[in-house]
Amino acid sequence: MASEDTCYIGSKTTVRGQVSGKQDLVVEGRIEGYVGLESHLTVEEGGTVEADVEAAVATLRGEVRGPVTAQRSLCVEASARVAGRLKAPTITIEDGARFSGEIEMDVELPAGVTPGNG
Amino acid sequence: MANTVIGSSIVVDGEISGEEPLVILGTVKGKVVAAGHVSVEAGATVEADIEGQNVTVGGKLTGNVTARERLELRPESKMIGNAKAPRIVVADGATFKGNVDMDV
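If you're wondering where the values come from, they're calculated on a predicted model, not measured in any experiment. (Residues numbered from 1 in each chain as written. Chains lettered and ligands numbered in written order. Predicted model: local features only at pLDDT ≥ 70, side-chain atom pairs only at ≥ 80, totals over all residues. Heavy atoms only, no water.)

**Some thoughts on the pairing of strand β5 (residues 40–43) of chain A**
Taken residue by residue, a regular strand's side chains alternate between the two faces of the sheet.
All names here are of chain A.
Moving on, step 1. With three bridges connecting them, strand β3 (residues 24–27) and β5 associate as parallel partners. Paired with Leu25 across the strands is Leu41, a residue of β5.
Moving on, step 2. The sheet contact formed by β5 and strand β6 (residues 48–60) spans four bridges and is parallel. Each bridged residue has a counterpart across the sheet, and for Val43 the counterpart in β6 is Leu60. (Pairing = 2+ DSSP bridges. Helix = DSSP H or I, 4+ residues; strand = E, 2+ residues; numbered from the N terminus.)

In structure tokens:
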């Protein structure tokens, strides 16, 4: 259950537009548009996010379409279905998760190795 | 059923629609369409038209409200906009500017 310090989008609620802020956000419903948080985003199983997402930490358990950028870490858990470009310093994809798209981490490549294109 | 909560430091610019009770502690701009109760809590800022079954305003609201059952303006509330509801309560201390339509 959501406390006062959490922002919670219930399973029968849809938000179209921009959601931004500094509080943790838990999505069991649907968000379309843009999400920009300086905190933790959790997309629960059953939740859907079709948006450009920026957050400090992102935990994905539901359906996500769109680029997701996390400043600290990003975790695609087993129940998640994700399509888009993921960018974060550390990314975890659990066994069972479905993901289609591109992953970008800031990695120092060894000398002589040039970044490929996909 | 759990409430949807828009936290105090959250800004939503767009449309919120749903069948659950909605509690707004932060900022909402745009439009709110709810099948259930909508509560604009003290400290919240809403610049949106609101449709709901019951609408309770304790914060600042700029926009038109259509409540299918009841609209309540709490003592600390500030509302600018038109109110349409069969039952309307304006508490002592509430600030309100707009038209009232009770469908009489």
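What follows continues from the structure just given.
**Considering the nonpolar core**
Moving on, step 1. Ranked by internal contacts, the top residues of the largest apolar core, which has 55 residues, are Leu25 and Leu74 of chain A together with Ile6, Ile24 and Leu71 of chain B.
Moving on, step 2. Here this core gets six residues from one element, more than from any other, and that element is β6 of chain A.
Moving on, step 3. In contact with Ile6 of chain B, other than residues within four places in its own chain, are Cys7 and Ile9 of chain A together with Val12, Ile16, Leu22, Val23, Ile24, Leu25, Gly26 and Val28 of chain B.
Moving on, step 4. Residues Val26 of chain A together with Val5, Val23 and Leu25 of chain B belong to the second largest nonpolar core, which totals five residues. (Core = buried A, V, L, I, M, F, W, Y, C linked by side-chain atoms within 4.5 Å. Buried < 20%, exposed > 50% of the residue type's maximum accessible area, 1.4 Å probe, protein only. Contact = heavy atoms within 4.5 Å.)

**Structural notes on the side chain of Thr14 of chain A**
Moving on, step 1. As for its position among the elements, Thr14 of chain A is in strand β2 (residues 13–21).
Moving on, step 2. With sequence-adjacent residues up to four places away left out, Thr14 of chain A is seen in contact with Arg30 of chain A together with Glu15, Ile16 and Ser17 of chain B.

**Focus on the side chain of Thr13 of chain A**
Moving on, step 1. Its place among the elements puts Thr13 of chain A in strand β2.
Moving on, step 2. Since its relative accessible area comes to 3%, Thr13 of chain A is described here as buried.
Moving on, step 3. A polar atom in the side chain of Thr13 of chain A sits 2.7 Å from the side chain of Glu20 of chain B.
Moving on, step 4. Among residues more than four places away in sequence, those in contact with Thr13 of chain A are Gly29 and Arg30 of chain A together with Thr4, Ile16, Ser17, Gly18 and Glu20 of chain B. (Polar contact = N/O pair within 3.5 Å; in protein donor to acceptor, adjacent residues only side chain to side chain.)

**What about the interface of chain B and chain A?**
Moving on, step 1. At the interface, 21 residues of chain B touch 22 residues of chain A.
Moving on, step 2. Buried area between chain B and chain A, summed over both chains or domains, comes out near 1700 Å², and the portion from carbon and sulfur atoms is 50%.
Moving on, step 3. Of all residues in chain B, the largest losses of buried area upon contact with chain A belong to Val5, Ile10 and Glu20 of chain B, amounting jointly to 26% of the total for that side.
Moving on, step 4. The tally of links from chain B across to chain A stands at zero salt bridges.
Moving on, step 5. Between the two partners, chain B and chain A, sit 14 residue pairs in polar contact (both at pLDDT 80 or more).
Moving on, step 6. When residues of the side of chain B that touches chain A are traced back to their parent elements, those giving at least two are β1 (4–6) and β2 (10–18) of chain B.
Moving on, step 7. Per element, the largest residue contribution to the side of chain B that touches chain A is nine residues, and it comes from β2 of chain B.
Moving on, step 8. Taken together, the residues of the side of chain B that touches chain A break down into nine nonpolar, eight polar and four charged. (Buried area = accessible area lost by both parts, 1.4 Å probe. Salt bridge = Lys/Arg side-chain N within 4 Å of Asp/Glu carboxyl O. Nonpolar A, V, L, I, M, F, W, Y, C, P; charged D, E, K, R; others polar.)

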